[in-house]
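Chain by chain, the residues run as shown.
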Amino acid sequence: MKLIFLFLLAAWSVCAEDVARFEGYKVFRMSPKTQEQKDLLLNLATSDDLDFWTEVNNAGIPVDVMVKPEDQKAFTNAMLKNGMNPEIFIEDVQSLIETQTVGKYAGNREMTWNSYYTLIEIYQWLDDVAAANPGVVSVVEGGVTSQARQIKGVKIAKSPGKRVVVIEGGIHAREWISPATVTWIINEILTSTNPAFRKVADSFEWHLFPSTNPDGYVYTFTNNRMWRKTRKQYGICAGADPNRNWDAHWMEQGTSSQPCSDTYGGPSAFSEVETSSFSSYIKTLGSRMDAYISFHSYSQLLLLPYGHTSAPLDNYSEMIQIGKAALTALAKRYGTSYEIGNIAEAIYPATGGTIDWIKQEFKTPIVIAYELRDTGRYGFLLPTDQIIPNNEEVIDSLIAMFEEGEKFGYVTLG
Ligand SMILES: [Zn+2]
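Visitor: Which residues make up the sheet that holds strand β3 (residues 63-67), and what values go with them?
Guide: Spatially, the 4 strands line up as an open sheet ordered β2-β3-β1-β4, and their pairing is antiparallel. Of all strands in the sheet, those with a lone pairing partner are β2 (51-52) and β4 (87-90), marking the two edges. Sheet topology note: the strand β1 (residues 26-30)/β3 ladder contains 5 bridges and is antiparallel. Across the sheet, the residue bridging to Phe-28 is Val-65, located in β3. Relative to the sheet, helix α3 (residues 72-81) contacts β1 and β3, its axis offset from that of β1 by approximately 5°.

Below, the structure written as structure tokens:
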């Protein structure tokens with residue numbers, strides 16, 4: 001008996017140790033103005049000890065950095081010494097993490113969007129939705145992961161022969177609002193009675209994937225809420241950034257060749273089975289795609305290809321017009337304000353991203369990525385009472401995006 005107790009105690013302490021805690025971790029906000037200040041931050045961004053929640057950029061977006069308690073004094077001093085005034089933006093990361101309720105999916109397709117859900121629950125929900133809509137919804141495997149999970153999604157097609165829209169979320173594990181947005185869109189496509197959205201919903205064959213980085217997403221629930229990458233082991237560090245791993249100007253800019261970095265692009269393009277298998281799935285849809293939409297957080301941005309240059313390539317100017325229409329619609333309900341631009345101009349040059357590869361390979365007319373709520377008050381730890389408002393305004397924006405896209409002949413509605 002005593003032995004069993006000791007064994008249980010040992011097992012418990014191993015588990016407890018495995019879960020990363022963030023007591024006293026603060027998120028500081030800086031607004032670097034000079035190149036020297038940016039260079040200092042860029043240099044610090046290569047350190048494993050600091051977690052940059054937003055990247056150093058040329059767009060005037062503040063830089064948010066999570067700093068552990070023992071480094072805070074030195075970090076603050078370094079900022080002050082270089083003329084930056086670090087503002088404490090999140091006082092204690094752990095207490096914010098604890099406000100994020102994880103819902104229990106009760107079955108019967110009753111997802112509430114008042115909580116975040118685990119991968120298993122999201123996947124069960126997808127299965128249930130498909131089972132309840134035979135002939136319209138089918139479960140599809142968009143790919144696999146290094147830990148042998150499925151990238152599970154649904155295909156929704158009310159009638160055959162429609163053009164295709166692909167919607168993808170969760171490629172960055174800690175951006176929990178993203179899978180919650182994609183499941184909401186699935187539900188709206190099936191149940192919305194809003195005539196304008198109904199028209200959009202019924203005009204396409206939809207392929208929707210709430211989590212394209214399932215290993216990472218699971219890890220944010222079991223081990224480290226702030227995990228971003230995949231989980232394949234590279235020496236002493238795990239994971240590559242799956243949004244730097246696509247074969248589109250791979251490893252050129254805004255990405256790291258260091259495995260421990262959060263923006264590690266991997267040893268080669270498509271080194272991650274998640275991106276390689278998912279890209280194979282996308283290839284089967286190829287030129288049938290009218291739109292590809294990717295969901296990230298945070299910063300409230302609408303991003304267009306490309307990340308290697310800020311030059312207005314392909315149908316950039318038309319897409320700016322379409323995106324602006326989407327953002328006007330998005331702002332109406334709650335006044336939420338987004339900015340728009342291509343990746344390189346709206347944030348910073350960064351290559352190997354999903355939407356760049358889609359645009360480069362297929363010239364799909366509408367290719368866009370959302371950086372969802374918020375602008376940093378909560379960052380990746382968006383409170384659960386913002387899930388539904390976020391999702392509602394996204395639907396408003398999608399209606400306008402497709403309606404405006406029809407004016408350019410990119411899609412046909414009805
Ligand atoms: Zn992201």
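Visitor: I'd like a description of the coordination of the zinc ion, backed by residues and values.
Guide: Coordination of the zinc ion by the protein comes from His-172 (ND1), Glu-175 (OE), Glu-175 (OE) and His-296 (ND1), over a distance range of 2.1 to 2.4 Å. Bound by 4 donor atoms, the zinc ion shows angles of 57 to 150° at the metal and therefore irregular coordination geometry. Site description for the zinc ion: donor spacing in sequence, H-x2-E-x120-H. Remark: His-296 occurs in strand β11 (residues 289-297) and Glu-175 occurs in the loop between β7 (163-169) and α6 (177-191); sequence separation between them is 121 residues.

Visitor: Would you mind going over the pattern of salt bridges in detail, with residue names and values included?
Guide: Following the criterion strictly, the structure yields 20 salt bridges and no others. Ionic pairing is found between Arg-174 and Asp-51, a salt bridge with its closest N-O pair at 2.9 Å. Placement of the pair is Arg-174 in the loop between β7 and α6 and Asp-51 in strand β2, with a sequence separation of 123 residues. Exposure remark for Asp-51: the relative accessible area of 12% places this residue in the buried category. The salt bridge partner of Arg-244 is Asp-241, with a shortest N-O separation of 3.8 Å.

Visitor: For empty space enclosed by the protein, give the residues involved together with the corresponding values.
Guide: According to the stated counting rule, one finds 4 cavities of 30 Å³ or more in the structure shown. Size it by volume and the largest cavity reaches roughly 400 Å³. Along its surface, the largest cavity is lined by 30 residues, and Arg-244, Leu-303, Ile-347, Tyr-348 and Glu-371 are the ones closest to its centre. For the lining of the largest cavity, the elements supplying multiple residues, two or more each, are β11, β12 (301-304), α12 (354-362) and β14 (366-372). Ranked by the residues each element gives to the lining of the largest cavity, the list is headed by β11, at 3 residues. Looking at the lining of the largest cavity residue by residue, the class counts come to 13 nonpolar, 11 polar and 6 charged.

Visitor: Break down the pairing of β7 for me, citing the residues and quoting the values.
Guide: Taking burial as the measure, the 7 residues of β7 include 6 buried ones, the bulk of the element. When β7 meets β11, the two strands line up parallel, connected through 6 bridges. Note that in β11 the partner of Glu-168 across the bridge is Ser-294.

Visitor: Which residues make up the pairing of strand β8 (residues 204-209), and what are the values?
Guide: When you tally the buried positions in β8, you get 6 out of 6 residues, the bulk of the element. Every second residue of β8 is oriented toward a common face, with Phe-204, Trp-206 and Leu-208 on one face and Glu-205, His-207 and Phe-209 on the other, all of them buried. As paired elements, strand β6 (residues 150-156) and β8 share 3 bridges and run antiparallel to each other. Paired with Val-154 across the bridge in β8 is Leu-208.

Visitor: Can you tell me about the nonpolar core, naming the residues and giving the values?
Guide: Counting residues in hydrophobic clusters, the biggest one holds 61 residues, and the most contacted among them are Trp-206, Leu-208, Tyr-370 and Phe-402. Tyr-370 has contacts with Ile-293, Ser-294, Phe-295, His-296, Leu-301, Leu-302, Leu-330, Tyr-338, Val-394, Ser-397, Leu-398 and Met-401, leaving out every residue within four places of it along the chain. If you look at the next biggest cluster of nonpolar residues, it comprises 26 residues, including Phe-278, Tyr-281, Ile-347 and Ala-350.

Visitor: Which residues make up the sheet that holds β11, and what are the values?
Guide: Across the sheet, which stays open at both edges, the 8 strands sit in the order β5-β6-β8-β7-β11-β14-β12-β13 with mixed pairing between neighbours. If you trace the sheet from one side to the other, it starts and ends with β5 (137-144) and β13 (339-342), each paired once. The mean angle between the axes of side-by-side strands here comes to 20°, regardless of whether they run parallel or antiparallel. Where helix α13 (residues 387-407) meets the sheet, its contacts fall on β7, β8, β11 and β14, and the angle it forms with β14 comes to roughly 160°.

Visitor: Please give an account of the packing of helix α10 (residues 316-334) against α13 that cites residues and values.
Guide: Two numbers describe how α10 lies on α13: the axes approach to 7 Å, and their chain directions differ by 145°. The interaxial crossing formed by α10 with α13 has right-handed handedness. On α13, the residues touching Gln-321, Ile-322, Ala-325, Ala-326, Ala-329, Leu-330, Arg-333 and Tyr-334 of α10 are Pro-389, Glu-392, Glu-393, Asp-396, Ser-397, Ala-400, Met-401, Glu-404 and Gly-405. Per-class residue counts for the contact of α10 with α13 are 9 nonpolar, 3 polar and 5 charged.

Visitor: Quick rundown of the domain arrangement of the protein? Include the residues and the values.
Guide: What the domain assignment lists for the protein is domain 1 (19-98) and domain 2 (119-407). The C-alpha-based centres of domain 1 and domain 2 are spaced at 26 Å. Domain 1 puts 22 residues into the contact, and the matching count from domain 2 is 24 residues. In this assembly, domain 1 packs against domain 2 so that about 1,700 Å² is buried in total across both faces, 58% of it on carbon and sulfur atoms. For domain 1, the biggest contributors to the area lost against domain 2 are Trp-53, Glu-55 and Phe-89; these three give 30% of the whole. Seen at the junction of domain 1 and domain 2, the total is 1 salt bridge. The interface formed by domain 1 and domain 2 includes 6 residue pairs in polar contact (both at pLDDT 80 or more).

Calculation notes
Residues numbered from 1 in each chain as written. Predicted model: local features only at pLDDT ≥ 70, side-chain atom pairs only at ≥ 80, totals over all residues. Heavy atoms only, no water. Pairing = 2+ DSSP bridges. Helix = DSSP H or I, 4+ residues; strand = E, 2+ residues; numbered from the N terminus. Contact = heavy atoms within 4.5 Å. Axes fitted to C-alpha atoms, helices over the stretch in contact; angles between N-to-C directions. Donors = N, O, S within 2.8 Å, 3.2 Å for Na, K, Ca; no water. Tetrahedral: all angles 85-135°; square planar, octahedral: opposite > 155°, others 65-115°. Salt bridge = Lys/Arg side-chain N within 4 Å of Asp/Glu carboxyl O. Buried < 20%, exposed > 50% of the residue type's maximum accessible area, 1.4 Å probe, protein only. 1 Å grid on protein atoms, 1.4 Å probe; cavity = no way out; pocket = protein on both sides within 12 Å on 5 of 7 lines; lining within 4 Å. Points joined across faces, edges and corners; volume = space filled by probe spheres on them. Nonpolar A, V, L, I, M, F, W, Y, C, P; charged D, E, K, R; others polar. Core = buried A, V, L, I, M, F, W, Y, C linked by side-chain atoms within 4.5 Å. Left-handed = near helix turned anticlockwise from the far one by under 90°. Domains from an automatic or database assignment. Buried area = accessible area lost by both parts, 1.4 Å probe. Polar contact = N/O pair within 3.5 Å; in protein donor to acceptor, adjacent residues only side chain to side chain.

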